[in-house]
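# Notes for the structure review
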Amino acid sequence: MQSSHAATAVSAVFDEPNLIADAGLLPLVRLAERVGLPDLAAAIRIDGADNSGGAHPAAKVMSLLGAMCAGADSIDDADRLRHGAMARAFGGVRAPSTLGTFLRSFTHGHNRQLHCVHRQFLAGLARHAPLLPGAGKVMYIDIDPTHRRVYGHAKQGAEVGRLKGQRTLHPILATLSTPIARPVIAAVRLRRGKAADVRGAESFVAEALAVAKDTGGTGIRLVRADSKFYTADVVAACHRAGAHFSLTTGMNPSIAAAISRIGEHAWTAIRYPDAFVDPDTGEMVSDAEVAEIEYTAFTGRKKAEQVTARLIVRRVRRLSAEVMQGQGELFNAWRYHPVFTDSPFAMLDAELDHRRHAVIEQAIADGKAGPLAHLPSGNFQANAAWLTLWAMSHNLLRAAGALASRFHARATTATLRAHLVHVPARLARTARTQLTVHLPERRHWRDAWLSLFDAVHRPPSTA
């Protein structure tokens, strides 16, 4: 590839009023409107805010959502919605300064209102797009916290917690997925940096399970989480909602005693088609053995709160240092990875299901590569609102991908932006009312873009 002109024959002028850089926002905003997001957001009541920060919440929510879908990771990045012909394509776009004032007007109560909007918006997307195929049979609800490093001592709630020497805020996420669908965000909460991972987990799990039901999770619902959430309260929340649980337990004397009661004949050898990294040692693992035993957990609680279920244990052979040095095997040792579950599936399927809990990391990585690259405000509640708006933009992009093509239904968020959103276009009007969007010819993802565009612009089904 080389330049087609000599350097002295090239000039650049920013003077074209009919161009836009993100034509993919046209079908995305239309999809959000069809789901009813403007009306949902208009119900947010922020009274008495300074500088009229709470006025016109629908326009401000839609502006922030559009900016995040285009890749904004700061409030100032919302200015990308105000170039070229964007004002002809969209009405009501707000300036970054206005959006910042809006976010800083939020209190905890206003964030609860926004959570309600997020929940109804996700349910609407699930009705309008094949967002979670197979949800009526099996749905996975994955819970996991993460940390976002922040800078500056003015950040409310930022503290040095698990990440030594780093000031962080501490979001917790719940995702919904099926065996054939990538995760969408069911619920999010922002906590201060030192908050315990399990803080508020019982109500958070209950909220995520309610969202799962709203989005079509009428079959088997399985809550998956790491050992941080191995508590009687989390299990009780699952039982109250009629869901199953699959929780890593870690090792303690009671778990070790249960594992010691498993006979050698009970272990089933398995070989993973794709080797994975053992989290304890960093070694690549392709062979392991799995067994299960009945186990009663939480025996320190009163009788009604104790739970008897399955303890499924995966063990991986650990070679001694002498073996690694070529001196022969002196003795066998094992690393054990126990899971406490009441999964209705067979042992090997239940163990495989639990290892797929790592799917939630896809959603976390997508966020950190986009709007969660920063939590942009010094105000804690503003950052909490930003987190929820990111979750809504993530779900909107996932719904758009599901409408575009089978490939885009499972693509990463970065790929969705590159293929479907970041499409330059020229706008032209004919007969004063007809708007025509002129897109680049020979674009590789033309058919997927048009599938999305047609799906959100065709008349609503009356069925």
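I will try to describe carefully the structure that is included in this document. Just so it is clear, the model here is predicted, and its values are computed rather than measured. (Residues numbered from 1 in each chain as written. Predicted model: local features only at pLDDT ≥ 70, side-chain atom pairs only at ≥ 80, totals over all residues. Heavy atoms only, no water.)

## Quick look at the overall build of the protein chain
Along the backbone of the protein chain there are 16 helices and 14 strands. In terms of overall size, the protein chain behaves like a compact globule, its C-alpha atoms giving a radius of gyration of 25 Å where 463 residues would be expected to give roughly 23 Å. Viewed in the frame of its principal axes, the protein chain has a C-alpha envelope of about 80 × 60 × 55 Å. Just so you have it, the protein chain exposes about 22,000 Å², and 52% of that area is on carbon and sulfur atoms. The protein chain carries 55 positive and 41 negative side-chain charges, and their two centres are separated by 5 Å. (Helix = DSSP H or I, 4+ residues; strand = E, 2+ residues; numbered from the N terminus. Rg over C-alpha atoms; globule rule 2.2 N^0.38 Å. Areas by Shrake-Rupley, 256 points an atom, 1.4 Å probe, with all protein chains shown as cover. Lys, Arg positive; Asp, Glu negative; His and termini not counted. Charge placed at Lys NZ, Arg CZ, Asp CG, Glu CD.)

## Details of the pattern of salt bridges
On inspection of all chains with the given rule, the structure shows 21 salt bridges. Measuring nitrogen to oxygen at the nearest pair gives 3.3 Å for the salt bridge that ties Asp233 to Arg301. With Asp233 in helix 8 (residues 232–240) and Arg301 in the loop between strand 10 (284–297) and strand 11 (307–318), the pair connects residues that are 68 residues apart, well separated along the chain. Glu305 is the salt-bridge partner of Arg301, the closest N and O atoms lying 2.7 Å from each other. Of the residues examined, Glu305 reaches a relative accessible area of 28% and is grouped as partly exposed. If you follow the salt bridges from partner to partner, you end up with Arg112, Arg189 and Glu207 in one network. (Salt bridge = Lys/Arg side-chain N within 4 Å of Asp/Glu carboxyl O. Buried < 20%, exposed > 50% of the residue type's maximum accessible area, 1.4 Å probe, protein only.)

## With respect to the side chain of Arg221
Residue position: Arg221 is located in strand 7 (residues 220–225). Although Arg221 is buried, it makes no salt bridge; Asp214 carries the closest opposite charge, 8.8 Å away. Contacts of Arg221, omitting those with residues within four sequence positions, involve Met139, Ile141, Leu209, Ala212, Lys213, Ala241, Gly242, Ala243 and His244. (Contact = heavy atoms within 4.5 Å.)

## Concerning the sheet that holds strand 14 (residues 434–438)
Working definition: the strands of a sheet are paired by backbone hydrogen bonds and lie parallel or antiparallel to each other. As summarised here, the arrangement of the three strands in space is 1-13-14, forming an open sheet in which the pairing is antiparallel. Bordering the open sheet on either side are strand 1 (19–20) and strand 14, each of which pairs with just one other strand. (Pairing = 2+ DSSP bridges.)

## Observations concerning the environment of Val205
With respect to the helices, strands and loops of the structure, Val205 is situated in helix 7 (residues 201–214). A C-alpha to C-alpha distance of 26 Å links Val205 and Ala402, two positions 197 residues apart in sequence. Excluding anything up to four places from it in sequence, Val205 contacts Ile143, Val223, Val234, Ala237 and Cys238.

## Quick word on the environment of Ser74
Its place among the elements puts Ser74 in the loop between helix 3 (57–69) and helix 4 (86–89). On a C-alpha basis, the gap between Ser74 and Gly100 in space is 9.8 Å, while along the polypeptide they are 26 residues apart. The contacts of Ser74, once residues within four sequence positions are left out, are Pro376 and Trp386.

## Observations regarding the side chain of His115
Relative to the assigned elements, His115 resides in helix 6 (residues 108–128). Every residue in contact with His115, bar those within four places of it in the chain, is listed here: Val188 and Thr388.

## Looking at the pairing of strand 5 (residues 167–178)
When you tally the buried positions in strand 5, you get eleven out of twelve residues, the bulk of the element. Bridge count between strand 2 (residues 138–145) and strand 5: six bridges; the pairing is antiparallel. By the bridge assignment for strand 5, Ile143 is matched with Ala174. Direction of pairing for strand 3 (residues 148–149) relative to strand 5: antiparallel, over a ladder of two bridges. Note that in strand 5 the partner of Arg148 across the bridge is Leu169. As judged from the two bridges shared by strand 4 (residues 159–160) and strand 5, these two strands associate in the antiparallel manner. Pairing of Glu159 across the sheet is with Thr168, part of strand 5. Taken together, the eight bridges between strand 5 and strand 6 (residues 181–191) define a ladder with antiparallel strand orientation. Along strand 6, the bridge assignment pairs Leu173 with Val188. Between the end of strand 5 and the start of strand 6, which pair antiparallel, lie two residues.

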